[in-house]
Amino acid sequence: MRLDTSTDPQVGFRPPGPLDPSTALQTYDGPFGRRQAAHLSRRAGFGPTPQEVDALAGLGMQHAVDSFLHPSVPELDFPDVPDGMFDPKTRVSAPQNWWLDRMLRTRRPLVEKMTLFWHGHFATSYTKVPTYLMVAQINLFRSQALGNFRTLLLSVARDPAMLIWLDNRFNVAAHPNENFAREVMELFALGLGNYSEDDVKDAARAFTGWTVDTHGAAVYKENLHDAGIKTILGRTGPFGSEDVVNLIVAQPVHQRFICRKLLEYFVYSDPEPELVDALAQVYAISGYDLARTVGTVLRSNVFNSSRAYRALPKSPIEFTIGILRYLGVQQIPPDTVTWLRRMGQIPLAPPSVKGWDGGPAWINTATLLARFNFVSKVVSAAPRSDAQTAPPATAMAAAGAAPMLAGGAPPMAAATFATLTPDRIVAQTGGMDAGRIVQLLASGALQDDVTSNVRKTLLDYLNSAGAAAPAPLGPENYQDKIRGALSLVLQLPANQLN
Amino acid sequence: MTTRRIFVSRSLGVAVLGGTMPSFFARAAFAQALPSAGATIDPRNVLVVVQMGGGNDGLNTVVPYGDDDYHRVRPTIALEAAKVLRIDDRIGLNPVMTGLSELYKQGHVAIVQGVGYPNPNRSHFEATQIWETASIDRPSSTGWLGRYLDRSVAGPPAPQNLFNAVALGDTLPSALMAQHVDVPAIGALNQFGLNAGKDPATKTTAGALYDGALPGQSPYLSLIQETSREALHGGDLLKAKIAGYQRAASYPSDPFSQQLALAAQIAGSDIGTKVIFVSIGSFDTHAGQRAQQDRLLGYLSSGLLAFYKDLEAHGCADRVTLMTFSEFGRRVAQNASNGTDHGTAMPLFIAGGKVKGGVYGTHPSLVDLDNGDLRFSTDFRAVYATVLEKWLGRDPAGVIAGSFENLPFV
């Protein structure tokens, strides 16, 4: 059976250059510097702080991947459920910000990244599902983020949010409702063209009986289950939900389907069929083990190749959290979800059961403007410190001992602001030197993935060369100029790429 | 330059362009403008397309209230005959659609019955692709409106108008995917512009940064770069172009009606826009259909009435036509959840000052069914072809595969 990719908007966005399928998934043993380390952090997490880039690079590739896959540091003490989840005013915003906060601060970024993957894959939305059940579903995804797909799919089939979202709670022997069964086959596990309408009908019968009680708990009601004989994917028997899941995951086309999607999330768009087949073998041999499968990807030659480097557009969440992390923001600013909506990705509300299209669909004039304006907003909101009253160089000499982006949590009131302020930048570069400031920003934010033309344009901007009223960088204008330069760097096309 | 348009070609296996040509020269190189099919058609005509996402249940929209079978197969979700807004002694509009009913009585609304296509697809995503690309047998990377744009506005002599077509919403629909024309997607006008802070040099510099060479080899990089340029300049341009238009009707506050208000402003400002795409979602009523669908049809109807009145007050109602579509209708019989599952044919609405109001085609039989679903009587591509030829003045050849007889609604 073939894998139908005809509706994938990412087709056509494969990076140029050849693939060697025989070595693509073998363990990479080339150089592992700041650029490779930042690449790993962007893909396996939500992007690094400048310190994290150096620390990761120092570990070497194997230990760096291990630090994502098998973290030894204890996780921070995050609440299991958000406060305010049952308050009508914060019913939606509290769970959204609860999750974004975890993405921002977690010490298990790969777990959170996979949780986001499963949210987009088993796309369920609060527009139909009570948010406390959305929270429970996110917690389910997190607990099995790098577990076993067979177990995960079965858990999803019995997840209250999903039972409501795709109407399986109404799927009973007397009146089958095909909605869930169809999406399991089309979107969750097999893909279009790899099953028949009769498979959908009989799978729906097999899923009958699982419903939701008045407390929002999943329950199995034997008397609502269709115990009759079904024929699904060429096999016949009195199948139930676990049988359907087992039949599906054993299909080679399922193995390719899920591995292709993982490759598009972690490596690049429209992966070669040979690469998909190679990963599908790893996945099948592992018994559908996600940590083994994802680990193989992260250590591979193809993941560490120049073809994969900055080869995917950042999703709005990756873009937003990445910038907050770079700027040293410790707490999700209250209007973040509003910005994410403008960028086209509302957490807990994917646009349909297909999830977010991703790839080129992230990029249009409206969404890019939202990205630009989010950057301007968060950069301009950074505090001005003592700039108006004290000469910055002196102020910074005093503050110079404190490390930039300090690990300790700043006071709550200031936590939603960037710690990477103009004054800190001047302190880091040891004075108002436009060249060193451009270098600090290009290196810290983009690992020097900027052209010499861009450097020169930024330098001219800081030095006001070519402006109507030239005013070189100095105490009078450095606050606005450095904020402007920082915004311009974070808005660059290179920073839209992951 | 490599852009969305070029990728489209690549994905079809045709390498079209490379190098660093400025975009409008590149577009000129591929212009395929065809002679206009109708000399008497006002070149300022605008088509507004409204997507009713999720699969709208046609039988509870244009209701066959006079048909006993309707009430029999929908025991709990059928609309009461006494409340339906009657069109004739067989059919009427859902009672919430008072605004649309008013426009219908004024003769400004055509209802095309039983619209569909052979071997209907019941997947939301595939069916939406079929409707938006007008390609039934195989996937197409261009939409029907995109191909229309490629054949009508791409090319020399002048650089393109960025607003030949506009998608109101955060994503660009497949219908507007073109090979040679970029279509901006606009979520809301007050967000369509760069907030560059106090220093005007910031915006100038941003412009300069998006020109020139690119670091890296990702196919996404040039797409992002070109879209960045358009985003940077497009917002200011559009705001200035439509600033003179003042709303002349009171729109409801729901997001769909607000989008229609912006559509009217763009259409009424005569800035060369040919196509505006608007969408309203969540018609996927598998359970508890009545409350959900009635609410959405209420938005559609009230929004449309305000839209028409607004344009009429500006003297523009005669050069704007609006048409609706949905990826499929729903099953004839209700399900056990007081909802309906994915089905097939449904009615479309076409509204505007030049539209010849009335009902076109017959209501599909509720008894002579295809596997529990309605049989279509009008191919949706006939509706598209009619709009292209009779409203936009373009030969449908090359835009719509196959040949379809025009309908007389415009």
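Calculation notes
- Residues numbered from 1 in each chain as written.
- Chains lettered and ligands numbered in written order.
- Predicted model: local features only at pLDDT ≥ 70, side-chain atom pairs only at ≥ 80, totals over all residues.
- Helix = DSSP H or I, 4+ residues; strand = E, 2+ residues; numbered from the N terminus.
- Buried ≥ 20, exposed ≤ 12 C-beta atoms within 10 Å, placed from the backbone.
- Contact = placed C-beta atoms within 7 Å.
- Domains from an automatic or database assignment.
- Nonpolar A, V, L, I, M, F, W, Y, C, P; charged D, E, K, R; others polar.
- Axes fitted to C-alpha atoms, helices over the stretch in contact; angles between N-to-C directions.
- Parallel < 35°, antiparallel > 145°, perpendicular 65-115°, else oblique.
- Left-handed = near helix turned anticlockwise from the far one by under 90°.
- Pairing = 2+ DSSP bridges.

S.K.: Help me out: how do you make sense of the overall build of chain B in this one?
M.R.: Looking only at helices and strands, chain B features 11 helices and 12 strands. Looking at the 410 residues of chain B, the share that counts as buried comes to 56%. In chain B, 73% of the contacts between residues at least 6 apart in sequence involve partners at least 24 apart.

S.K.: Which parts of the structure should I look at to understand the domain arrangement of chain A?
M.R.: One widely used convention gives an interface's size as the accessible area the parts lose upon coming together. Residues and elements named next belong to chain A. We note that the domain assignment places domain 1 (34-298) and domain 2 (316-496) within chain A. Using only C-alpha atoms to locate each centre, domain 1 and domain 2 end up separated by 33 Å. Taken together, the contact between domain 1 and domain 2 spans 30 residues of the former and 24 residues of the latter. Among the elements that make up the side of domain 1 that touches domain 2, the one with the highest residue count is helix H4 (residues 93-105) (9 residues). For the side of domain 1 that touches domain 2, the class distribution of residues is 14 nonpolar, 11 polar and 5 charged.

S.K.: How should I be thinking about the packing of helix H15 (residues 316-327) of chain A against helix H17 (residues 365-380) of chain A in this particular structure?
M.R.: Think of two packed helices as two axes; the pair is described by the angle between the axes and how far apart they sit. All names here are of chain A. As a packed pair, H15 and H17 sit with axes 11 Å apart at the nearest point and diverge in direction by 25°. Of the possible angle classes, the one that applies to H15 and H17 is roughly parallel. Considering how the two elements wind past one another, H15 and H17 form a crossing that is right-handed. The residues of H17 that touch H15, namely those facing Phe319, Thr320, Ile323 and Leu327, are Arg371, Phe374, Val375 and Val378. Taken together, the residues that form the contact of H15 with H17 break down as 6 nonpolar, 1 polar and 1 charged.

S.K.: Help me out: how do you make sense of the sheet that holds strand S2 (residues 62-63) of chain B in this one?
M.R.: Note: strands within a sheet are paired through backbone hydrogen bonds, in either parallel or antiparallel orientation. Residues and elements named next belong to chain B. Spatial ordering of the open sheet is given by S2-S4-S3, a layout of 3 strands whose pairing is antiparallel. The sheet is open, and its two edges are formed by S2 and strand S3 (85-86), each paired on a single side. As paired strands, S3 and strand S4 (residues 92-93) are joined by 2 bridges and run antiparallel to one another. Within S4, the residue paired with Leu85 across the bridge is Leu93.

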